[in-house]
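# Coordinate analysis (summary)
One-letter residues, chain by chain:
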Amino acid sequence: MKSRFILRRQRGVALPVMLIMMLVMLVTSIYLLRSSNSTTLAASNLAYDATLSRAVDLGLHTGFQWLRETAIANRSDLDTDHADNGYVASLEDVALSPRDSAFWAGSVELEDADGNKIKYVIHRLCQTSGAFNDSENACVQTAANTVKLGTTVAIGESLASDAPAYASSPQLHYVITARLDGARGGNVINQMVVLIGA
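The present account deals with the structure reproduced in this document. Once a new chain begins, its residue numbering starts again from 1 and follows that chain's sequence as written. Reporting in this predicted model follows two pLDDT cut-offs: at least 70 for local features of residues, and 80 or more for side-chain atom pairs to be given and counted; totals over whole chains, interfaces and linings ignore these cut-offs and use all residues. Values shown for side chains rest on all heavy atoms present in the structure; no hydrogens or waters enter the calculation.

### Observations regarding the side chain of histidine 123
The test is simple: Helix and strand labels come from DSSP, where a helix needs a run of H or I of at least four residues and a strand needs a run of E of at least two; each type is numbered from the N terminus. Classification of residues uses two cut-offs on accessible area relative to the type maximum, computed with a 1.4 Å probe and protein chains only: under 20% is buried, over 50% is exposed, and between them is partly exposed.
Locating histidine 123 in the fold gives a position in strand β3 (residues 117–124). A relative accessible area of 4% places histidine 123 in the buried class.

Here you go:
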């Protein structure tokens, strides 16, 4: 009789243990499902952001192409604004941010093959429009790089210590900023700095 009583008692204890194990497995599976959903959402958001970032580069390339062609054809055209091409010859308020609407004054909007509307604007980093060497104007300038073909001396220059050293024309800074407002409320802003000899 004692052995039957012990067997029945052991069977009764196994049921609550199994229920607790099933509850733990249920909670773990719910957590695993939620975790995989949030990982999928994060991955899709990163992919969407990367797609927008590649799309906004069209504005940077379009602005750079115009800036390059204008500098080759007639560099003095860069002394004045060109609203049709999104070019502003000055950035008077350096505290302006691409988040401010005033920053985008004079910008151009274009559309890519996927229907994305991209805005871009080119700013010459000068206080006012006009010639960079005007006494009333101040521009961000960089001395030309003399490194050519991996050497520290430009081609045709002398290594002699008494050779005359003439200052070359400076390079002016231009900032191209492109912006795309995505369909899901996200937006991407990319910038590129271009140096062009004065």
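### Observations regarding the nonpolar core
Note the threshold: To qualify as a nonpolar core, a set must consist of buried Ala, Val, Leu, Ile, Met, Phe, Trp, Tyr and Cys residues joined through side-chain atoms within 4.5 Å. Contact criterion: two residues are considered in contact whenever any of their non-hydrogen atoms come within 4.5 Å of each other.
Core analysis: the largest hydrophobic core is formed by 27 residues, its most contacted members being Leu67, Leu78, Tyr87, Ile122 and Tyr174. Residue assignment for this core shows that the elements contributing at least two residues are α1 (2–73), β2 (108–111), β3, β5 (171–181) and β6 (187–197). A total of 8 residues in this core trace back to one element, the largest contributor, which is α1. Those residues in contact with leucine 67 that sit more than four places away from it in its chain are Leu78, Tyr87, Ile122, Tyr174, Ile176, Val194 and Ile196.

### Some points on the pattern of salt bridges
Definition in use: Just to be clear on terms, a salt bridge is a Lys or Arg side-chain nitrogen sitting within 4 Å of an Asp or Glu carboxyl oxygen.
A full pass over the atoms with the stated rule returns 3 salt bridges. For arginine 124, the salt bridge is made with aspartate 79, and the minimal N-O distance between the two is 3.1 Å. Here arginine 124, found in strand β3, pairs with aspartate 79, found in the loop between α1 and β1 (87–88); they are 45 residues apart in sequence, far enough to count as distant. For arginine 124, a relative accessible area of 0% gives the class buried. Of the charged contacts, one joins arginine 179 and aspartate 181 as a salt bridge, the two residues approaching to 3.2 Å between their closest N and O atoms.

### Things to note about the packing of aromatic side chains
Under the convention used in this document: Two aromatic rings from Phe, Tyr or Trp, using only the six-membered ring of Trp, form a pair when their centres are within 6.5 Å; if the ring planes differ by under 30 degrees the pair is stacked, by over 60 it is edge-to-face, and anything between is tilted.
Scanning the model with the defined rule gives 3 aromatic pairs in all. Both rings, one in tyrosine 87 and one in tyrosine 174, keep their centres 6.4 Å apart while their planes meet at 35 degrees; by these two values the pair is tilted. In this pair, tyrosine 87 sits in strand β1 while tyrosine 174 sits in strand β5, placing the two residues 87 residues apart along the sequence. Across the pair, tyrosine 174 and tyrosine 87 agree in class, each one buried.

### Some remarks on the state of the cysteines
To keep things clear, this is the line we draw: Put simply, a disulfide is two cysteine sulfurs that come within 2.5 Å.
Per the stated rule, a full pass over the model turns up 1 disulfide. Paired through a disulfide, cysteine 126 and cysteine 139 show a sulfur-sulfur distance of 1.9 Å. Given an S-S torsion of about 110 degrees, the disulfide between cysteine 126 and cysteine 139 has right-handed geometry. Of this pair, cysteine 126 sits in the loop between β3 and β4 (141–142) while cysteine 139 sits in the loop between β3 and β4, and the two are 13 residues apart along the sequence. For the residue pair cysteine 126 and cysteine 139, the accessibility class agrees, reading buried in each case.

### Thoughts on a nonpolar patch on the surface
Which entries qualify depends on this criterion: In this analysis, a patch consists of residues with relative accessible area above 30% that form no salt bridge, clustered at 9 Å for like charges and at 5 Å for the nonpolar side chains Val, Leu, Ile, Met, Phe, Trp and Tyr. Surface accessibility in these figures is a Shrake-Rupley result with a 1.4 Å probe; residues are shielded only by whichever protein chains are displayed.
Together, Val13, Val17, Met18 and Met21 line one region of the surface with nonpolar side chains, adding up to about 370 Å² of accessible area. The topology assignment puts valine 13 in helix α1.

### Observations regarding the pairing of β3
Our working definition: Here, strands pair whenever DSSP counts at least two bridges between them.
In terms of residue burial, β3 counts as a mostly covered element, since 6 of its 8 residues are buried. In this structure, β1 lies alongside β3, joined through 2 bridges in parallel fashion. Bridge pairing links valine 88 to histidine 123 in β3. Where β2 and β3 come together, 4 bridges link them in antiparallel fashion. Note on β3: the bridge partner recorded for glutamate 111 is lysine 117. Hairpin connection, β2 to β3: the antiparallel pair is bridged by 5 residues, and glycine 115 has positive phi, about 90 degrees.

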